[in-house]
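Coordinate analysis (summary)
Each chain, written out:
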Amino acid sequence: MTSTDLTNLPPALAARPRDEKRGLPIPVVNMHDGGAADFVTLNGTAALRVALANRCSLCDEPLAGPAAFLGGPMSAQTGCYSDPPMHEACAQAALTLCPHIARPHARRASERSLTQDSAVAIGFTLEKPEEWVMVVSSGYLVGATPAEGGGLVPLFLVRGRMRERRFVYQDGVLTEAPAA
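Below is a summary of the structure that appears in this document.

Reading the values: the criteria
Residues numbered from 1 in each chain as written. Predicted model: local features only at pLDDT ≥ 70, side-chain atom pairs only at ≥ 80, totals over all residues. Heavy atoms only, no water. Salt bridge = Lys/Arg side-chain N within 4 Å of Asp/Glu carboxyl O. Helix = DSSP H or I, 4+ residues; strand = E, 2+ residues; numbered from the N terminus. Buried < 20%, exposed > 50% of the residue type's maximum accessible area, 1.4 Å probe, protein only. Pairing = 2+ DSSP bridges.

For the coordinates displayed, the defined rule picks out 9 salt bridges. Here Arg55 ties to Asp60 by a salt bridge, and the two come within 3.3 Å at their closest N and O atoms. With its nearest N and O atoms 2.8 Å apart, the salt bridge here joins Glu176 to Arg165. Of this pair, Glu176 sits in strand β5 (residues 173-176) while Arg165 sits in strand β4 (residues 152-170), and the two are 11 residues apart along the sequence. Exposure remark for Glu176: the relative accessible area of 37% places this residue in the partly exposed category. Arg165 sits in the buried class, given a relative accessible area of 16%. The structure contains a network of salt bridges with shared partners spanning Glu88, Arg163, Arg165 and Glu176.

As judged from the 2 bridges shared by strand β2 (residues 80-81) and β4, these two strands associate in the antiparallel manner. Bridge assignment links Cys80 to a residue of β4, and that residue is Leu157. When strand β3 (residues 131-146) meets β4, the two strands line up antiparallel, connected through 15 bridges. Looking at the pairing, Pro146 lines up with Leu152 of β4. Between β3 and β4, which pair antiparallel one after the other, the connecting turn spans 5 residues, and Gly149 there sits at a positive phi close to 85°. Inspection of the sheet shows β4 paired to β5 by 4 bridges, in the antiparallel sense. Directly across from Gln170, in β5, lies its bridge partner Val173. Between β4 and β5, which pair antiparallel in sequence order, lie 2 residues; one of them, Asp171, sits at a positive phi of approximately 55°.

Have a look at this one:
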């Protein structure tokens, strides 16, 4: 699947509303007030809602089995994530569809879009990791942590780590690294 090939998406993700500009499905946590889609910022209220209801943050369907988390090596090491859990199949789709993840030189937009509902947690960074780690777990905890500039933002803590998958950029393509 490439960044434009939508034929192999999980059905619930494929059924999500589409972004008019790119034709990509809009994750539930990227929908903001008035139904506006913003792929740069996370809607903290929606993130808490889906996590507390044990639903996938991308397709909004129930997480009936393991929960997957995507982030950099530091998130994998600590088990702390700013993005809520998702189905492993939805996380796999995000690895190829999300331009910020899929393209090695794509950078996240600046903090121009940050709102109180989508602030950055203290100790987290907007810097893109050099590799992505998918941690699959049997559960998670939902909490809140102080945000830069004040307030709180959601935080998701992995519990019952089952496995880890690492993805690195090779010749401009995000590729799964062999298991160590």
